[in-house]
Amino acid sequence: MDTATGDNYGYSADKARYIARLKRIEGQVRGVERMIEDNKYCVDILTQISAITSALENVGLALLDEHLSHCVAGAIEDGGHDAVEARIKEAMQAIKRMVKS
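Because the structure is a prediction, the values reported are computed rather than measured.

## Quick look at the side chain of arginine 21
As for its position among the elements, arginine 21 is in helix 1 (residues 15-37). No salt bridge is formed by the buried arginine 21, whose closest oppositely charged neighbour, aspartate 14, lies at an N-O distance of 8.1 Å. Not counting residues within four places of it along the chain, the set of residues in contact with arginine 21 comprises Asn58, Val59 and Ala62.

Structure below.
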């Protein structure tokens, strides 16, 4: 919940699913740490890092979808031009950050 406005975010309904996905990713990161500690083959480690990166990107894309369908759509429904512009600007900034990474 946004403490400033009292609004629920779009992902709130799927919060448990997002947390479960992030815990899985956390486990993958610990697995890579163990692989390095155990002197595993570097290509195998890189493969796991690629899988982690992909999993994080998927979480990010899902959250972006939630933002567009909930926050931006909500601003459109409320009819405030400034609010719509602000949400679209937020979305574009988020997309730019994701594309850079």
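Additional details are given in the paragraphs that follow.
## Quick word on the pattern of salt bridges
Across all of its chains, the model carries three salt bridges by this definition. Between aspartate 14 and arginine 17 there is a salt bridge, with its nearest N and O atoms 3.2 Å apart. The exposure class of aspartate 14 is partly exposed, given its relative accessible area of 26%. What makes arginine 17 partly exposed here is its relative accessible area of 39%. With its nearest N and O atoms 3.3 Å apart, the salt bridge here joins arginine 87 to glutamate 90. In this pair, arginine 87 and glutamate 90 are both assigned in helix 3 (residues 81-100), three residues apart and thus about one turn of the helix distant. Looking at arginine 87, the relative accessible area reads 25%, which means it is partly exposed.

## Quick notes on the environment of tyrosine 41
Note on placement: tyrosine 41 falls in the loop between helix 1 and helix 2 (42-78). Residue classification places tyrosine 41 among the exposed residues on the basis of a relative accessible area of 54%. On a C-alpha basis, the gap between tyrosine 41 and isoleucine 88 in space is 44 Å, while along the polypeptide they are 47 residues apart.

## Looking at the confidence of the model for the protein chain
With 92% of its residues at a pLDDT of 70 or more, the protein chain shows a mean pLDDT of 87. Element-level pLDDT for the protein chain is lowest in helix 3, with a mean of 87, against a maximum mean of 97 in helix 1. Per-residue pLDDT stays below 50 along residues 1-6; that stretch engages in six contacts with residues further than four places along the chain or on separate chains.

## With respect to the packing of aromatic side chains
All chains considered together, the criterion is met by one aromatic pair. Judged by centre distance (6.3 Å) and plane angle (85 degrees), the ring pair of tyrosine 11 and tyrosine 18 falls under edge-to-face. Assessed through its relative accessible area of 32%, tyrosine 11 is described here as partly exposed. Taking relative accessible area as the criterion, tyrosine 18 reaches 5% and is therefore assigned buried. The lysine or arginine in question, arginine 17, covers the ring of tyrosine 18, its NZ or CZ lying 5.1 Å from the ring centre.

Calculation notes
Residues numbered from 1 in each chain as written. Predicted model: local features only at pLDDT ≥ 70, side-chain atom pairs only at ≥ 80, totals over all residues. Heavy atoms only, no water. Helix = DSSP H or I, 4+ residues; strand = E, 2+ residues; numbered from the N terminus. Buried < 20%, exposed > 50% of the residue type's maximum accessible area, 1.4 Å probe, protein only. Lys, Arg positive; Asp, Glu negative; His and termini not counted. Salt bridge = Lys/Arg side-chain N within 4 Å of Asp/Glu carboxyl O. Contact = heavy atoms within 4.5 Å. pLDDT = per-residue confidence, 0-100. Phe/Tyr/Trp six-rings, centres within 6.5 Å; stacked < 30°, edge-to-face > 60°. Lys NZ or Arg CZ within 6 Å of the ring centre and 35° of its normal.

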